[in-house]
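Examining the three-dimensional arrangement
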Protein chains: 2
Amino acid sequence: MSINVGIAGLGVVAQGLLELSSTNADQLSGITGNPLCVTRVASRRLRDEVALGTIAFSTDLEDLVKDDDLDFVIELIGGTDAAYNLIKACLSRGRGVITANKAVLATHGNELLAIARDRDVPLAFEAAVAGGIPIIAALKTRFPANNIKWLTGIINGTCNYILTAMSDEGVAFEDALRRAQELGYAEADPTFDVGGMDAAQKLAILVALAFNVPIAIDEVYCEGIQDITIDDIRHADEFGYSIKHLAIGRQDDDVIEMRVHPALVPKDNLLAKVNDVENAVQLGTTNTGVLRFTGPGAGGHATASSVIADLTNIASGLYRQPGIGGNALKPRSISDVSSAFFLSIAATDRPGVIASIGEVLASHSISIASMVQKQEEVVRSADTSVIPVVILTNTVVERELNKSLQELESLDDIASPIKKIRVVDLA
Amino acid sequence: MSINVGIAGLGVVAQGLLELSSTNADQLSGITGNPLCVTRVASRRLRDEVALGTIAFSTDLEDLVKDDDLDFVIELIGGTDAAYNLIKACLSRGRGVITANKAVLATHGNELLAIARDRDVPLAFEAAVAGGIPIIAALKTRFPANNIKWLTGIINGTCNYILTAMSDEGVAFEDALRRAQELGYAEADPTFDVGGMDAAQKLAILVALAFNVPIAIDEVYCEGIQDITIDDIRHADEFGYSIKHLAIGRQDDDVIEMRVHPALVPKDNLLAKVNDVENAVQLGTTNTGVLRFTGPGAGGHATASSVIADLTNIASGLYRQPGIGGNALKPRSISDVSSAFFLSIAATDRPGVIASIGEVLASHSISIASMVQKQEEVVRSADTSVIPVVILTNTVVERELNKSLQELESLDDIASPIKKIRVVDLA
């Protein structure tokens, strides 16, 4: 008896899945005990380049729900509404689902996972976060004593590609973005990736698994990389840091921090060396030190590989529905997060301006770890010269830092807004 | 009804296990559905510092076999014979076993895993390789399409600690070893670790899982780090490489390479940055690019954590007996392996000696990627001066290189033996 699989979507991951499940058919049926057969595909449109052979095709996702010969449905259409309806309908009929869709999990995951649990039907999603890296499996099965204290990740390949290009080749954000688009690493509308929402959705999922709390996308603080300049990268480099777009989750007693933003990472940290579209996740644990995983975050074959692993495991009974939401989520506001900060201030090149910056920071009990006036970068105009002042602060609560920045920005000699980038010490 | 667990051994891992299973008792029984209770410990001697409470204790391992109230036995005594007898007896009685013992798996693993399969009884061993890194679980469950082409690892913490100390602080091998012993990172008799056997045993296990072949410890080429000098490390550094003790497995059509030896690793490779007692495993795959895992390779809590994860998974039915030995193992002799080589030659400081080295290598079609005469390191004596000549070759089959070295060593002006270290390009 074959294991019948339906696929929603016919894009690059679905095509990878059709290819890999066919070329590895013997191997897979050796594990599951029965042949895995894709018997139905539903997608908005048929693609001439994909040979479906005897596989039933329709443009109606509902056909994947109605077809009771299907044992599992693999959801690869992305987006939220249609995917949500499909997954919910399949689960409710007792049909297991595998999805690569972080958006639907970030927005409807609590409900869908509860249905899966109630109905005792698997809902698997390794491919939804960090593509080929088996981080979901690790979080679900390797930390039963739940000793994770924090996690940090580079989980958006588009941002990482752009920041790497800016850093290695000195190209501006816009140029790096254009190249990412040409290479297929960024969408035509790149907002979702470069604005950080993609990483925020993935972080919400990781945090839910790591700390056994509900998925809470609305509680994730989210900042993108659009405002990072080559100067920022160069100045950070001079302080011994790389700028990376990080996703950070941390549990501190019963309070949980979730934030996605550009961050200064010490150059000798592994994350600083994860480049281009590669992804990485680091777990800080009580009992097993720091564990680091790196690998491809996307790509048809890598993602399809994760889906096939989920499918094979489920089909052979090797699956545990993740427990999430067992603990209440008390989010920490970004204003209450403590970090060191990188500040880039455009100040009038006038005696006393540095002293007044120091005074304002000191009046908020913020001490300066390093400060550099970039004399060679003075911008002169008719009546004034503006000099960049670059500062690394010691650790301070963000609320307090913000007060000091407001005060600084109100000074005549300082341009508004002041650029601030958090420094990350979880490593 | 509780899940009753017996432990063989009462060392640091067993103590970690007792502590973690007790402090996380609620969490663990939440996953397994029943409380996990350690009810019996057998060890050569009782330790006063360990409070066993109501746990039965004896010095006879056989008691762990006879006690039919035990659901699982955790083997933490190490070594081969006693562990083999214990595991075999337990499995044969249908009792699941979790072991942290690479030695018993490397020498008796094929038989023990076959018994486990035949009897449908779990034999789990995440903790046996790379302590806290969930690499066994990944190999067992995340690559059903079995697309692993090669794996490289730093899987012996003692060697990595010693090489890191030699490299970072310029201390000699003997001094680094002594410090490792003082810190508890090396045994009183360190041969097993620094000679490479520990890494060889772990590699045999990883390769069996990665390529579905039998465990074949006798086919692993094994070299330790005893002959690595600070000069080697410094010269490699000047060429842009670190020296690490690596375990390498590679499948090339149906031939499999298994080797453990010091190797030059390009400094920008992740492995070059894995320092001290940290472990790392890299997987080169067809469909998911290169995956990298790093974390603690040893330590009571890290190892105990892996054991608890195995135990919890097995006790909740989340376990698949690994398929190994499905494919025949055709080993590749080290003489047939191709690599680039680092050569360190002590040559008489005399006109023409460099030319003759070049000629001999050329006559074996070995081309030189870099060659440096370390003029500042000339060792002068009454009638001769000896100069170190350091060479990086291009890729060559080792058999051919060995012939050229024999020829070089027969020359009057060249000291014997010539130091050779392989350069690794799998990354």
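Each remark here, short or long, concerns the structure printed above.
Report follows, based on the coordinates.

**Comments concerning the sheet that holds strand β4 (residues 72-75) of chain B**
All names here are of chain B. Spatial strand order, β3-β2-β1-β4-β5-β6: 6 strands in an open sheet with parallel pairing. The open sheet is flanked by β3 (56-58) and β6 (123-124), the only strands paired with a single partner. Note: strand β5 (residues 96-99) against β6, 2 bridges, orientation parallel. Residue pairing across strands places Val97 opposite Leu123, the latter belonging to β6.

**Thoughts on the environment of B:Ser410**
Within the secondary structure layout, B:Ser410 lies in the loop between α14 (398-409) and β19 (419-423). One polar contact links the side chain of B:Ser410 to the main-chain carbonyl oxygen of B:Glu407, over a distance of 2.6 Å.

**Some details on the interface of chain B and chain A**
In this assembly, 42 residues from chain B lie in contact with 42 residues from chain A. Roughly 3,400 Å² of surface becomes buried between chain B and chain A when both sides are summed, with 57% attributable to carbon and sulfur atoms. Inspection of the chain B/chain A interface yields 6 salt bridges. The salt bridge involving A:Arg142 is made with B:Glu126; its shortest N-O contact spans 3.8 Å. For the pair chain B and chain A, the interface holds 14 residue pairs in polar contact (both at pLDDT 80 or more). For the side of chain B that touches chain A, the elements supplying multiple residues, two or more each, are α2 (25-32), α6 (135-141), β12 (290-296) and α12 (300-315) of chain B.

**Some details on helix α7 (residues 157-169) of chain A**
Residue and element names in this part refer to chain A. Helix length check: α7, at 13 residues, gives a terminal C-alpha distance of 17 Å against a target of 18 Å (1.5 Å per residue), a fit within 8%. Here α7 lies mainly inside the structure; 10 of its 13 residues are buried. For α7, the set of buried residues is Gly157, Thr158, Cys159, Asn160, Tyr161, Ile162, Leu163, Thr164, Ala165 and Met166. Each element contacted by the buried residues of α7 is listed here: β7 (148-154), α8 (173-182), α9 (191-194), α11 (230-238), β9 (241-252) and β11 (278-285). Where α7 starts, the residue carrying a side-chain oxygen 3.2 Å from the main-chain nitrogen of Thr158 turns out to be Asn156.

**Overview of the pairing of strand β14 (residues 338-348) of chain B**
All names here are of chain B. Burial within β14 is extensive, with 9 of its 11 residues counted as buried. Sheet analysis places β14 next to β19, joined by 5 bridges and oriented antiparallel. For Leu343, the partnering residue across the bridge sits in β19 and is Lys420. Judged from the 7 bridges that link them, β14 and strand β17 (residues 385-393) form a sheet pairing that is antiparallel. Bridging from a neighbouring strand, Ala347 pairs with Ile387 of β17.

Quick notes on the rules
Residues numbered from 1 in each chain as written. Chains lettered and ligands numbered in written order. Predicted model: local features only at pLDDT ≥ 70, side-chain atom pairs only at ≥ 80, totals over all residues. Heavy atoms only, no water. Pairing = 2+ DSSP bridges. Helix = DSSP H or I, 4+ residues; strand = E, 2+ residues; numbered from the N terminus. Polar contact = N/O pair within 3.5 Å; in protein donor to acceptor, adjacent residues only side chain to side chain. Contact = heavy atoms within 4.5 Å. Buried area = accessible area lost by both parts, 1.4 Å probe. Salt bridge = Lys/Arg side-chain N within 4 Å of Asp/Glu carboxyl O. Expected span 1.5 Å × (residues − 1). Buried < 20%, exposed > 50% of the residue type's maximum accessible area, 1.4 Å probe, protein only.

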